[in-house]
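# Reading the structure
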Amino acid sequence: MSEDVLVASGVSKTFGHGKNVVEAVKDVSFALAENEVVTVVGESGSGKSTLARMVLGLMPITSGTMTFRGNDVSKMNARGRTDYWKDVQAVFQDPFSSFNQFFTVRRLLARSMRLLDDKVGAERLEEALGHVGFPNPADVLDRYPHELSGGQRQRVMIARALMMRPKLLVADEATSMLDASLRVNVLNVLTDLREQLGMTVLFITHDIGQACYVADRVLVMEHGVMVEQGRAEDVIFNPQHEYTQRLLADVPKLHEVQDLTRARVSDGPSASGAHAQRV
Ligand SMILES: Nc1ncnc2c1ncn2[C@@H]1O[C@H](COP(=O)(O)OP(=O)(O)OP(=O)(O)O)[C@@H](O)[C@H]1O
């Protein structure tokens, strides 16, 4: 039985006061186990990103507790937070949007490497690029961001996060800007990482098709409330909550998701490790 890495108990987040109060996350409880891919799915405004920001320690919790390997995330001092961000890394929707487009990928990543000593940093960079399907680092390091596809850029960002060897990777709408084939490619990288590195992945998406494709477990959020959580197969084939049923009914090609998920279940966990072909 794998251990829980992160445990959230009765977590709430409220913004504003009086008439303008917004309860973005309401009394949410869940746990993320070691070596598990979990998705949080819900429509826009359901509180997914707020939850992700609290997991990342970027936003204080209004009430409840969140612990990472037994330590309270909301009570960390500055030093504790720096250590936390070695263990918990994030990948966001728009890779490179905040980076200087006139710098090569090597130069951009050098900034992250400053957190590590030079030699360790260079080794980890090669290793991390290998994990996301770039066996020859020069293929990407000497190029400019605009010379890479969206999927390649997002894989570089995942490599950047991996350099810290995190225990938990939070991917917030990390595939939303990609077209379908690149999206599947990045989703496959995330599931491969779980198998290769024993990492826990928290994947945030508004798309229940992607959620079920990539996840071991799915957490469904509606208006800040976690209305359902369960194994991906159970959520797809036997959704309990009316909101989950509605999200599933809106997926135009759900049969494809079902086929993929069935294949994954019947082939066992190693099946998703065989994604040799990457875009
Ligand atoms: N800093 C903030 N101040 C006030 N309200 C906020 C703030 N951040 C989020 N909210 C509100 O909290 C609710 C949840 O927002 P959140 O961004 O977490 O949802 P989401 O599910 O991630 O949506 P999306 O997919 O559109 O990003 C929304 O009603 C939003 O307007």
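Residues numbered from 1 in each chain as written. Predicted model: local features only at pLDDT ≥ 70, side-chain atom pairs only at ≥ 80, totals over all residues. Heavy atoms only, no water.

What follows deals with the overall build of the protein. Secondary structure summary: the protein contains 11 helices and 10 strands in total. Taking all 279 residues of the protein together, 50% fall into the buried category. Considering only residue pairs separated by 6 or more positions, the protein has 70% of its internal contacts joining residues 24 or more positions apart. A total accessible area of about 13400 Å² is found for the protein, and carbon and sulfur atoms account for 50% of it. (Helix = DSSP H or I, 4+ residues; strand = E, 2+ residues; numbered from the N terminus. Buried < 20%, exposed > 50% of the residue type's maximum accessible area, 1.4 Å probe, protein only. Contact = heavy atoms within 4.5 Å. Areas by Shrake-Rupley, 256 points an atom, 1.4 Å probe, with all protein chains shown as cover.)

Moving on, we get to the site of the ligand. The environment of the ligand is made up of Phe15, Val22, Ala24, Glu43, Ser44, Gly45, Ser46, Gly47, Lys48, Ser49 and Thr50. In this structure, an oxygen atom belonging to the ligand sits 2.5 Å away from a side-chain N or O atom of Ser44. Contact distances for the ligand include 2.5 Å between an oxygen atom and a side-chain N or O atom of Thr50. With the chains in place, 60% of the 630 Å² that the ligand exposes on its own is no longer accessible. Elements supplying a minimum of two residues to the shell around the ligand: strand S2 (22–33) and helix H1 (48–55). The element contributing the most residues to the shell around the ligand is H1, with three residues. Residue composition of the shell around the ligand, grouped by class: three nonpolar, six polar and two charged. (Near = heavy atom within 4 Å. Polar contact = N/O pair within 3.5 Å; in protein donor to acceptor, adjacent residues only side chain to side chain. Nonpolar A, V, L, I, M, F, W, Y, C, P; charged D, E, K, R; others polar.)

Now for helix H4 (residues 118–131). Given a rise of 1.5 Å per residue, 14 residues ought to cover 20 Å, and the 20 Å separating the end C-alpha atoms of H4 matches this to within 8%. Listing the buried residues of H4 in full gives Gly121, Arg124, Leu125, Ala128, Leu129 and His131. Down the axis of H4, the smallest arc covering the buried residues is 145°, so these residues share one side. More than 90 degrees from the buried face of H4, the exposed residues found are Lys119 and Glu126. In the segment just after H4, Gly133 is the residue with positive phi, at about 90°. (Expected span 1.5 Å × (residues − 1). Arc of directions from axis to C-beta.)

One open sheet holds the six strands; their spatial order is S6-S7-S8-S3-S9-S10, and the pairing between them is mixed. Each of the sheet's edge strands pairs with one partner strand only, and the pair in question is strand S6 (88–91) and strand S10 (225–231). Across this sheet, the average inter-strand angle for adjacent strands is 15°, counted without regard to direction. Sheet topology note: the strand S3 (residues 37–41)/strand S9 (residues 217–222) ladder contains four bridges and is parallel. In the strand pairing of S9, Val38 is matched with Arg217. Contacts from helix H6 (residues 150–162) reach S6 and strand S7 (168–172), with the element oriented near 170° to S6. (Pairing = 2+ DSSP bridges. Axes fitted to C-alpha atoms, helices over the stretch in contact; angles between N-to-C directions.)

Now for the packing of aromatic side chains. One pass over the full model with this rule turns up one aromatic pair. With a centroid separation of 5.2 Å and 85° between ring planes, the pair formed by Phe68 and Tyr84 is classed as edge-to-face. Taken as a pair, Phe68 in strand S4 (residues 63–68) and Tyr84 in helix H2 (residues 78–87) lie far apart in primary sequence, 16 residues in all. Note on Phe68: relative accessible area 5%, which makes it buried. Its relative accessible area of 4% is what places Tyr84 among the buried residues. Sitting above the plane of the Phe103 ring, Arg107 keeps its charged end 3.7 Å from the centroid. Here the guanidinium or amino end of Arg155 rests over the ring plane of Phe134, the centre of that ring lying 4.3 Å away. (Phe/Tyr/Trp six-rings, centres within 6.5 Å; stacked < 30°, edge-to-face > 60°. Lys NZ or Arg CZ within 6 Å of the ring centre and 35° of its normal.)

With that settled, the discussion passes to helix H7 (residues 180–197). Given 3.6 residues per turn, any residue in an α-helix points the same way as the ones three and four places further on. In this model H7 runs 26 Å from its N-terminal to its C-terminal C-alpha over 18 residues, within 8% of the 26 Å that 1.5 Å per residue would give. Within the sequence span of H7, burial applies to Leu182, Asn185, Val186, Leu187, Asn188, Val189, Leu190, Thr191, Asp192, Leu193 and Arg194. If you follow the buried residues of H7, they end up packed against S3, H4, H6, S7, strand S8 (200–205) and helix H8 (208–214). A positive backbone phi angle near 60° is found at Gly198, which sits one or two residues after H7.

What follows concerns the nonpolar core. Ile158, Leu190 and Val218 are the most contacted members of the largest nonpolar core, which totals 50 residues. The residues contacting Leu190, other than those within four sequence positions of it, are Ile158, Leu169, Ala171, Val201 and Phe203. In terms of nonpolar packing, the next biggest core, distinct from the first, is built from 30 residues, Val5, Val40, Met76 and Leu168 among them. (Core = buried A, V, L, I, M, F, W, Y, C linked by side-chain atoms within 4.5 Å.)

Our next topic: the pattern of salt bridges. For the coordinates displayed, the defined rule picks out 11 salt bridges. Across the pair Glu36 and Arg217 runs a salt bridge, and its minimum N-O distance is 2.6 Å. On the criterion of sequence distance, the pair formed by Glu36 in the loop between S2 and S3 and Arg217 in strand S9 is long-range, its members being 181 residues apart. Assigned by exposure class, Glu36 and Arg217 land together as buried. Between Asp142 and Arg106 there is a salt bridge whose closest N-O contact spans 3.0 Å. With Asp142 in the loop between helix H5 (138–141) and H6 and Arg106 in helix H3 (residues 105–113), this residue pair connects regions lying 36 residues apart in the sequence. Here Arg106 falls in the partly exposed class, since its relative accessible area comes to 39%. The network of salt bridges with common partners includes Glu43, Glu242 and Arg246. (Salt bridge = Lys/Arg side-chain N within 4 Å of Asp/Glu carboxyl O.)

Purely spatial values, then, with no claim about function.
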